[in-house]
Amino acid sequence: MQKYLLTALILIPVIGALLAIGHAFAPYRKETHYRWIALLFSLATFVLSLFLLGSDGGNSADGFSFVQNSEWINLIGARYHLGVDGISLWLVLLTTLLVPISVLSSWNAVEKKQVAFYAFLLLLQSAMIGVFVSLDLLLFYLFFEASLVPMFFLIGIWGGERRIYAATKFFIYTALGSLLMLVGIIAIYYYIGSFDYVTVLNALKGGATFGERAEFWLFLAFAFAFCIKVPLFPFHTWLPDAHTEAPTAGSVILAGVLLKMGTYGLLRFNLALFPDASRKFAPVIITLAIIGIIYGALVAMVQPDVKRLVAYSSVSHMGFVVLGLFSFTEQGLQGALYQMLNHGVSTGALFLIVGMIYERRHTRQISDFGGLAQVMPWFSVFFVITSLSSIGLPFLNGFVGEFLIMLGMWTSNAVTWAWWATGLAATGVIWAAVYMLWMLQRVVFGRITNPKNATLLDLSWREVGLLLPLLALMLYMGVYPRPFLNRSRESIQAVRERVVKPATGGSFAQKAEDASGK
């Protein structure tokens, strides 16, 4: 069972999608059946994923658990190689948690083409899980690309007025970066002779290198793809449009999981496979991260649309994650991974809340609200707590991640101006408090200035059930982060050892020639 657990996690959503499509041709079909199928299979995937916590799954010498390594395409040496470690484990669980929540958030919001909507949502879940568990570079690329298609249709069909523009922009940006990564993957195969991540990593640990020039371009090829996905300034312009036009479920998955593919890729591939280039590019990446933190916060501050404000806040928060990654310290790397989880929980909840008020008023303009605490007290409580989590209030999850990142950056040797970098990044926390609290003041508090708001209904039991697990996580992760940090420590240390230790040895090709000569 353990050997095939990851394959089961990938296949269960696909089976659910196929069942929903097949049910569309049944004579007894009803529109309500599709959402129940999606909920059942997404919940089954979540429950099954919890087994990842209860067992080591047979730890391999390379630090991965629940490993399945089978032949796939023998002609080029590609393998069906899956596994999880302390880094990917939490991202898989975040994915399996957010998808059933997204299904429930769409319960009454999606009216047209329900079978396609829920099928795309399940296929997207399968692709996202595949990204985080793939240990073959070619397999990783296929899952990475496969995640684009369902999200493209989710935005393009069920999005807002400018959905086609937003979906096309999203697809072009991310597909372009992915193609460059494919070139890099082929180049790695040329140098090492394998697509297998563990094989490539062990070869590099054994003294093989790509050579300074090749590593420079390989780093750029992978970093370009991942920085677009994050998105890191100045590659962020697709994100506000995609978030604003996407349906609520699409925004939750986009913010909660898809953006994490970028930071996961930087951590898993760029830092581990290209350590020399990572050190050389660190000042540039750190500078862009700081610009993104401040720029995203300042632009969020002036947004008249609540959803667009949350979208720009993601640019700022993900800048913190990238900053932690390129601090090359254990605190910074642990904080970056923790902040990935925090952002998925907090920002996912914010998009759910924005979707709930949009269903009632069919507007997201801040000026159309005011005084909601008087008529929607439970909504206001959830909104305030989630916003404080996003700001980074102590005893909530956001504080732990941002504190670790800034502590790691402060002690970093990646740049000579680490103190200045930390100080500038810290202003992002101040700006976050400004734009979030100002938004709350205008939306939740004050007098009811618009008579349409006086008759709004408070949260239903279904909506409360959606938000309660996320709020419980915000509090638990803010008070007791130890289980998360302990589980990821060894994997983080393994990556850190790669990036802080100078690479030695000649090229792989040169070593092979020397060996054959002897």
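Quick caveat: nothing in here was measured; it's all calculated off a predicted structure.

About the cut-offs
- Residues numbered from 1 in each chain as written.
- Predicted model: local features only at pLDDT ≥ 70, side-chain atom pairs only at ≥ 80, totals over all residues.
- Heavy atoms only, no water.
- Pairing = 2+ DSSP bridges.
- Helix = DSSP H or I, 4+ residues; strand = E, 2+ residues; numbered from the N terminus.
- Salt bridge = Lys/Arg side-chain N within 4 Å of Asp/Glu carboxyl O.
- Buried < 20%, exposed > 50% of the residue type's maximum accessible area, 1.4 Å probe, protein only.
- Phe/Tyr/Trp six-rings, centres within 6.5 Å; stacked < 30°, edge-to-face > 60°.
- Lys NZ or Arg CZ within 6 Å of the ring centre and 35° of its normal.
- Core = buried A, V, L, I, M, F, W, Y, C linked by side-chain atoms within 4.5 Å.
- Contact = heavy atoms within 4.5 Å.
- Patch = residues over 30% accessible without salt bridge, like charges linked within 9 Å, V, L, I, M, F, W, Y side chains within 5 Å.
- Areas by Shrake-Rupley, 256 points an atom, 1.4 Å probe, with all protein chains shown as cover.
- Axes fitted to C-alpha atoms, helices over the stretch in contact; angles between N-to-C directions.
- Parallel < 35°, antiparallel > 145°, perpendicular 65-115°, else oblique.
- Left-handed = near helix turned anticlockwise from the far one by under 90°.
- Nonpolar A, V, L, I, M, F, W, Y, C, P; charged D, E, K, R; others polar.

With that out of the way, let us pick up the pairing of strand S1 (residues 65–73). Sheet topology places S1 next to strand S2 (residues 78–84); 6 bridges connect them, and they run antiparallel. If you follow Ser65 over to S2, its bridge partner there is Val84. Two successive antiparallel strands, S1 and S2, enclose a turn made up of 4 residues, where Gly77 displays a positive phi of approximately 80°.

Turning our eyes to something else, we now look at the pattern of salt bridges. For the structure shown, the criterion picks out 9 salt bridges. The partner of Arg489 in a salt bridge is Glu330, with the nearest N and O atoms 3.8 Å apart. Here Glu330 lies in helix H15 (residues 330–361) and Arg489 lies in helix H21 (residues 482–500), a separation of 159 residues in the sequence. Classification of Glu330 as partly exposed rests on a relative accessible area of 27%. Overlapping salt bridges bring together Arg162, Lys169, Asp241 and Arg308 as one network.

Only a minority of non-glycine residues have a phi that is not negative, and only a minority of peptide bonds are not trans. For the bond from Val230 to Pro231, the omega torsion is -10°, close enough to zero to count as cis. Along the chain, the position of Pro231 falls in the loop between helix H10 (212–229) and helix H11 (238–245). In the segment running from Phe233 into Pro234, the intervening peptide bond is cis, with an omega of 5°. Of note in this structure, Phe66 is not a glycine but carries a positive phi near 55°.

Glancing now at the packing of aromatic side chains. Taken as a whole and judged by the stated rule, the model has 36 aromatic pairs. Geometrically, the ring pair formed by Phe170 and Trp238 is tilted, given 5.5 Å between the ring centres and 55° between the ring planes. In this pair, Phe170 is assigned in helix H8 (residues 163–192) and Trp238 in helix H11, connecting sequence segments 68 residues apart. Comparing Phe170 with Trp238 shows no difference in burial state: the two are buried. Ring plane angle 15° and centroid distance 4.5 Å describe the contact between Tyr189 and Phe195, whose orientation is recorded as stacked. For Tyr189, a relative accessible area of 28% gives the class partly exposed. With a relative accessible area of 6%, Phe195 lands in the buried category. Taken together, the ring pairs connect Phe64, Phe140, Phe144, Tyr190, Tyr191, Tyr197, Phe210, Phe222, Phe226, Phe269 and Phe274 into an aromatic cluster. Against the face of Trp438 rests Arg442, its NZ or CZ located 3.8 Å from the ring centre.

As a rule of thumb, soluble globular proteins bury nonpolar side chains together. Judged by nonpolar contacts, the single largest core of 188 residues is most densely connected at Ile188, Ile286, Phe326 and Phe383. Looking at this core, the element that brings in the most residues is helix H12 (residues 248–273), giving 16 residues. Those residues in contact with Phe383 that sit more than four places away from it in its chain are Val306, Leu350, Ile353, Met439, Leu440, Val443 and Val444.

All right, on to the environment of Ala349 then. Turning to its location among the elements, Ala349 is positioned in helix H15. Note: C-alpha distance between Ala349 and Gly256 (93 residues apart in sequence) is 9.2 Å. In contact with Ala349, other than residues within four places in its own chain, are Thr386, Leu467, Leu470 and Met474.

So, on to a nonpolar patch on the surface. Together, Phe395, Leu475, Tyr476, Val479 and Tyr480 give the surface a local cluster of nonpolar side chains, amounting to about 540 Å² of exposed area. As for its position among the elements, Tyr480 is in the loop between helix H20 (461–479) and H21. By relative accessible area, Tyr480 is classed as partly exposed at 39%.

Its place among the elements puts Ser367 in the loop between H15 and helix H16 (372–375). For the pair Ser367 and Val230, spaced 137 residues apart in sequence, the C-alpha to C-alpha distance is 30 Å.

This next bit is on the packing of helix H5 (residues 114–133) against H12. Close contact between H5 and H12 brings their axes to 11 Å; oriented N to C, the two are set at 20°. The orientation of H5 relative to H12 falls into the category roughly parallel. The hand of the H5/H12 crossing is left-handed. Contact residues: Phe117, Leu121, Leu124, Met128, Val131 and Phe132 in H5; Ala249, Ile253, Val257, Leu258, Lys260, Met261 and Tyr264 in H12. Grouping the amino acids of the contact of H5 with H12 by side-chain chemistry returns 12 nonpolar, no polar and 1 charged.

Moving on, we get to the side chain of Ser390. Here Ser390 is to be found in helix H17 (residues 377–391). Residue class for Ser390 comes out buried when judged on its relative accessible area of 5%. Once you skip the residues sitting within four places of it in the chain, Ser390 turns out to touch His317, Ser346, Leu350 and Glu402.

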